[in-house]
Amino acid sequence: ISNIPFPFEVTQVEEIISLYRLGTIRNGYRTGATTFPFIDVNGNVRAIQVKQFDKGNHTTGTDFLHSMIRKFLEAKGNTVPEWLNEYQQNDLKVSCLFGEHLLTKCPLNPVALVEAPKTAIYSSLYFGLPDNPKNFLWLAVYNLSSINYAKCKELQGREVYLFPDLSKDGKAFEIWTKKAKDLSVEMSGTTFIVSDLLERNGNDEQREQGYDLADYLIELDWRLFRNIHENNENYEPPQQHYF
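Bear in mind that the values here come from a model prediction, so they are computed numbers and not experimental data.

## Brief notes about the pattern of salt bridges
According to the stated counting rule, one finds 9 salt bridges in the structure shown. Taking the shortest distance from any N to any O, the salt bridge between D40 and R46 comes out at 2.8 Å. Judged by relative accessible area, D40 falls into the buried class, the value being 1%. Note that E74 is salt-bridged to R70, the shortest N-O span being 3.2 Å. Separated by 4 residues within a single helix, E74 and R70 lie in helix 2 (residues 65–76), roughly one turn from each other. Take E74: its relative accessible area is 46%, and that puts it in the partly exposed class.

Okay, here's the thing in structure tokens:
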């Protein structure tokens, strides 16, 4: 609303908060941090990532709510509940896509996959909310290496666009291109399209810093961007491979 060059309308930010069930840490060492819940297609909360940002919207700290709860209880000398002990024994905490719960609410939308929840939020605000079935439904996998069949199986039958982050040696693009090819074999009837938008436009400094789609979008006036996007009926994001 206020810490970016082109602030969004309050109502749109509120709608995004409601759609993705975003929250805020109210006290403690992560006061003011944003919570990103990973909610599966059945409405189960699998994990809640906690990220702290500075006034330039750069990440200054990352945590998970289950870890914070344990630290709080132990600091108070309280007993850690059995559910938390059992949860922490899971090898995999982030076991679904960020925004996965919206798949049933938006059954006709093409899906766009990015690494981080923050990127999904910015992209949804810039490209348009998924209340229009022509707009992307933006989901996030959590990080570069966590895209796999177990997380993506709920995308069966959808048209899926992948937007890998930039990396110094193009490794991120290479990894996601291979993953898309593998997933297309495992998920017959699902279309995977890997965008080369960042690869074609990124400079050496941006590659070094690992720019993602949000880093580009934040510098643009969302009103102009969305107007161009919504009025271009033949819009198709740059891509490298169809699978």
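## Considering helix 4 (residues 117–127)
Counted residue by residue, helix 4 has 11 buried out of 11 residues, so it is predominantly covered. Listing the buried residues of helix 4 in full gives P117, K118, T119, A120, I121, Y122, S123, S124, L125, Y126 and F127. G128 sits one or two residues past helix 4 and shows a positive phi near 110°.

## A few points about the layout of surface pockets
Its boundaries defined by the atoms lining it, the largest pocket holds a volume of some 690 Å³. Counting residues per element, the lining of the largest pocket draws most heavily on helix 4, which supplies 4 residues. In terms of residue class, the lining of the largest pocket is built from 13 nonpolar, 9 polar and 3 charged.

Here is what the cut-offs are and how they apply
- Residues numbered from 1 in each chain as written.
- Predicted model: local features only at pLDDT ≥ 70, side-chain atom pairs only at ≥ 80, totals over all residues.
- Heavy atoms only, no water.
- Salt bridge = Lys/Arg side-chain N within 4 Å of Asp/Glu carboxyl O.
- Buried < 20%, exposed > 50% of the residue type's maximum accessible area, 1.4 Å probe, protein only.
- Helix = DSSP H or I, 4+ residues; strand = E, 2+ residues; numbered from the N terminus.
- 1 Å grid on protein atoms, 1.4 Å probe; cavity = no way out; pocket = protein on both sides within 12 Å on 5 of 7 lines; lining within 4 Å.
- Points joined across faces, edges and corners; volume = space filled by probe spheres on them.
- Nonpolar A, V, L, I, M, F, W, Y, C, P; charged D, E, K, R; others polar.

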